[in-house]
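# Coordinate inspection notes
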Amino acid sequence: MMLNVLNVVLKQRTENKMSYKFFPHTDDEMQAMLQTAGVKSLDDLYQDVPQQLQLKKEYELPESMSEIEVRRFFDDLGMGNITMRTFLGAGYYDHYSPAVVQDIVKRSEFLTAYTPYQAEISQGTLQYIFEYQSMMAELTGMEVSNASMYDGTTATAEAMMMAVANAKKRKRVLISETISPYVLRVVKTYAKYQGIQIDMVPAKGGVMDHDALKVELEKDDVAGVIVATPNFYGILEDYSGVAEMCHEHKALLIMHCVATALSVVKTPAEWGADIAVGDGQSLGIPLNYGGPYVGFLCTTKKLIRKMPGRIVGATKDADGKRAFVLTLQAREQHIRREKATSNICSNQSLMALYVTVYMGLMGAKGLKEVNSISYSNAHYLADSLVKTGLFEMAYPDKPFLNEFAVKTKLNIDELQEYCGEEYLQCGLKIADDTLLLAVTETYSREDCDDLVDACVTFNEEQEGK
């Protein structure tokens, strides 16, 4: 059928002029294709779309404009945006990204960053995927890394399915209550349709209860355990003995991580984890209404064939020169469907390139400096808030890096609204009396002081009413 349509189109292209300058088909070509498809009009192609979902009016498009008018229009539109200093975190952080990153990402050998089916013409793409894998493996301490995961939440879901596939007959996974609720929601969705049972390990004082974990593992029906570092409350948990406990009962340990933190805290490999997952957004990707970001998944060589995604390897070509190839492809379009481990690995390669360039520019020293400044700013803000007498640390005896939770008797909803009028986003409300705040290297102590002053002024105004 397709060949017949193409033959008709090619024939009529030489005989007819196009209806519109920028449309690829003439009216006669369109009629020929409709006839071949067995319909009378373009509207017939949408007959299965409910009437209430179909647009019944003209598009509200502006009149045509010149380039300079278009630029002026969008400049004016942009002036309506309100730029706020945000102390939000919860898994996504406002880190500085050097300007050169975007210039390198735009280079032609990298720009068309889709699946590199033909290695001989995809060397630029294959090389940066190889470098990305190498850097992520070093960052997590794991032996291998894949490429092309959507984000940290779906990467965690994929790790859950890896654990179940590895355990074969076990369909139960334990998750710490201290993991992000946003990650948990996605993992539970995947579990529901995979027939996987999810059970929570309770928290005690902001960290996972190891004794409760031990009780669940002793039932010997657990495929994997998912924990977080840092956890949702920003706490750096002590996972000493957890890996040994899991392995004793033939369960895998999966760690959901904040990527940039791994340059200064104990790595998943050092904790004895089998799989490390998370979101690469904190490695310089700008905040952008939820994406696009990139997930990472790193593991041991033992689990490499259970891993979704692809692996790029280095080799030599016929002339003995260094070259790169796709070494492992676990996606269903590359192999028999029943042997595929995942179908989620549609390409996030451009974002993988972004974090690769960022890490290459920053280096180990730069990443440590980012975390050092973030740590200093966060602890300064925490101390300043507590000194006002309006806040207290939710978990005062627990270590944190750049994110922390505070309790307050203030009305959090009204406080956030007040701070918003001062162009400040006052953290994330995680309970009626609890705020989660994050600080990075992009904010100064003056920014922290402004937030503290806004909280104090809000309280004074409330008391004066």
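Everything numeric in this text was worked out from a predicted model, so none of it was measured. (Residues numbered from 1 in each chain as written. Predicted model: local features only at pLDDT ≥ 70, side-chain atom pairs only at ≥ 80, totals over all residues. Heavy atoms only, no water.)

## Here's the deal with the overall build of the chain
What counts is decided by this rule: The helix and strand labels rest on DSSP assignments: H or I over at least four residues marks a helix, E over at least two residues marks a strand, and numbering proceeds from the N terminus. Throughout, exposure labels follow a simple rule: accessible area from a 1.4 Å probe, protein chains only, divided by the maximum for the residue type, with under 20% read as buried, over 50% as exposed, and the rest as partly exposed. Contact definition: two residues touch when any of their heavy atoms are within 4.5 Å. Working definition of accessibility: Shrake-Rupley area with a 1.4 Å probe, residue cover restricted to the visible protein chains. Only four residue types enter the tally: Lys and Arg on the positive side, Asp and Glu on the negative side, with His and both chain ends excluded. Charge coordinates come from a single atom per side chain, which is NZ of Lys, CZ of Arg, CG of Asp or CD of Glu.
Along the chain, the regular secondary structure elements total 14 helices and 17 strands. A principal-axis box enclosing the C-alpha atoms of the chain has dimensions of 80 × 60 × 50 Å. The buried share of the chain, taken over its 465 residues, is 47%. Long-range pairs, those at least 24 residues apart, make up 69% of the contacts in the chain between residues at least 6 apart in sequence. Taken as a whole, the chain presents about 25,300 Å² of accessible surface, with 52% of it coming from carbon and sulfur. Computed over 46 positive and 63 negative side-chain charges, the inter-centroid distance for the chain is 10 Å.

## What to know about the layout of surface pockets
The test is simple: In this analysis the probe radius is 1.4 Å and the grid spacing 1 Å, with only protein atoms considered; a cavity is a set of points the probe fits into but cannot get out of, a pocket is an open set with protein on both sides within 12 Å along at least five of seven lines, and lining residues have an atom within 4 Å of a point. Grid points are joined across faces, edges and corners, and a volume is the space filled by probe spheres set on the points. Each residue is assigned to one of three groups, with Ala, Val, Leu, Ile, Met, Phe, Trp, Tyr, Cys and Pro labelled nonpolar, Asp, Glu, Lys and Arg labelled charged, and all others, Gly among them, labelled polar.
Taken as a whole, the largest pocket spans an internal volume of roughly 700 Å³. Along its surface, the largest pocket is lined by 19 residues, and T86, L287, N288, Y289 and Q425 are the ones closest to its centre. A breakdown of the residues in the lining of the largest pocket according to their chemical character gives eleven nonpolar, seven polar and one charged.

## Details of the pattern of salt bridges
Two side chains that carry opposite charge are able to pair once their charged atoms sit near each other. The cut-off we apply is this: Salt bridge criterion: a side-chain nitrogen from Lys or Arg within 4 Å of a carboxyl oxygen from Asp or Glu.
Within this structure, the stated rule accounts for 13 salt bridges. With a shortest N-O distance of 2.9 Å, D447 and R85 are connected by a salt bridge. Taken together, the positions of D447 in helix α14 (residues 445-464) and R85 in strand β1 (residues 85-86) put the pair 362 residues apart, joining distant regions of the chain. For D447, a relative accessible area of 13% gives the class buried. Between D199 and R172 there is a salt bridge whose closest N-O contact spans 2.6 Å.

## What to know about the sheet that holds strand β14 (residues 403-408)
For clarity, the threshold we go by: Any two strands with at least two DSSP-identified bridges between them are counted as paired. Angles shown run from 0 to 180 degrees and are taken between the N-to-C directions of axes, each axis being a line fitted to C-alpha atoms and, for helices, limited to the stretch in contact.
Pairing is antiparallel across the open sheet formed by four strands, whose spatial order is β13-β14-β17-β16. Both outer strands of the open sheet, β13 (391-393) and β16 (428-431), are each paired with one neighbouring strand and no more. Direction aside, neighbouring strands of the sheet carry axes that sit 40° apart on average. Examined bridge by bridge, β13 and β14 share three bridges and lie antiparallel to one another. Bridge pairing links F391 to T408 in β14. Contacting β13, β14, β16 and β17 (434-438), helix α13 (residues 412-421) crosses the sheet at an angle of about 175° to β16.

## What about α14?
Stated precisely, the cut-off is as follows: Multiply 1.5 Å by the residue count of a helix minus one, and that product is the helix's expected span. What the arc describes is the spread of directions from the helix axis to the C-beta atoms.
Between its first and last C-alpha atoms α14 spans 28 Å; for 20 residues at 1.5 Å apiece the expected length is 28 Å, and the two agree. Inspection of α14 places D447, C448, L451, V452, A454, C455, F458 and N459 among the buried residues, and these make up the whole buried set. The arc that holds the buried residues of α14, viewed along the axis, is 150°, so those residues lie on one side. Exposed positions of α14 whose direction lies more than 90 degrees from the buried face are E446, E463 and G464. Looking at the buried positions of α14, the neighbouring elements they touch are β1, α12 (349-387), β13, α13, β15 (424-425) and β17.

## Quick word on the sheet that holds strand β9 (residues 275-279)
Within a sheet, neighbouring strands are paired by backbone hydrogen bonds and run either parallel or antiparallel to one another. The seven strands lie next to each other as β2-β10-β9-β8-β7-β3-β4, forming an open sheet whose pairing is mixed. On the outer flanks of this sheet lie β2 (144-145) and β4 (197-201), each paired with one strand and no other. Here β9 pairs with strand β10 (residues 295-299) via five bridges, running antiparallel. Each residue of the ladder has a partner; that of A276, found in β10, is C298. The strands touched by helix α7 (residues 152-167) are β3 (172-176), β4, β7 (222-229), β8 (252-258), β9 and β10; relative to β9, the strand with the most contacts, the crossing angle is about 160°.

## Concerning the confidence of the model for the chain
Rules: A residue's pLDDT is the confidence the predictor assigns to it, expressed on a 0 to 100 scale.
Summary statistics for the chain give a mean pLDDT of 90 and a share of 90% for residues scoring 70 or more. In the model, residues 1-10 has pLDDT below 50 throughout and makes six contacts with residues more than four positions away in sequence or in other chains. Scored below 50 in pLDDT, residues 12-19 shows 17 contacts in the model against residues more than four places distant or in partner chains.

## Observations regarding the side chain of T408
Heads up, the condition is: In protein, a polar contact means a hydrogen-donor-capable atom and an acceptor-capable atom, both N or O and within 3.5 Å, with residues adjacent in sequence counting only if both atoms are side-chain atoms; elsewhere, any N or O pair within 3.5 Å suffices.
Within the secondary structure, T408 is located in strand β14. Residue classification places T408 among the buried residues on the basis of a relative accessible area of 8%. A distance of 3.1 Å separates the side chain of T408 from the backbone nitrogen of L410, its partner in a polar contact. Apart from residues lying up to four places away in sequence, T408 is in contact with L390, F391 and D433.

## Some remarks on the packing of aromatic side chains
As a reminder of what qualifies: Only the six-membered ring of Trp is used, alongside the rings of Phe and Tyr, when aromatic pairs are assigned; centres must lie within 6.5 Å, and planes under 30 degrees apart are stacked while those over 60 apart are edge-to-face, with the rest tilted.
Using the criterion set out here, one finds ten aromatic pairs in the structure. With 5.3 Å between their ring centres and 25° between their planes, Y92 and Y293 make a pair best called stacked. Remark: Y293 occurs in the loop between β9 and β10 and Y92 occurs in the loop between β1 and α4 (99-105); sequence separation between them is 201 residues. With a centroid separation of 6.2 Å and 75° between ring planes, the pair formed by Y182 and F232 is classed as edge-to-face.

## A closer look at unusual backbone geometry
Omega for the peptide link from T229 to P230 comes to -20°, which places this bond in the cis form. Position of P230 relative to the elements: it lies in the loop between β7 and α10 (242-248). Even without glycine at this site, A90 takes up a positive phi of about 55°. Inspection of the secondary structure assignment puts A90 in the loop between β1 and α4. Overall, A90 belongs to the buried group, its relative accessible area being 12%. Despite not being glycine, K168 has its phi angle at roughly 65°, a positive value. Structurally, the position occupied by K168 is in the loop between α7 and β3.

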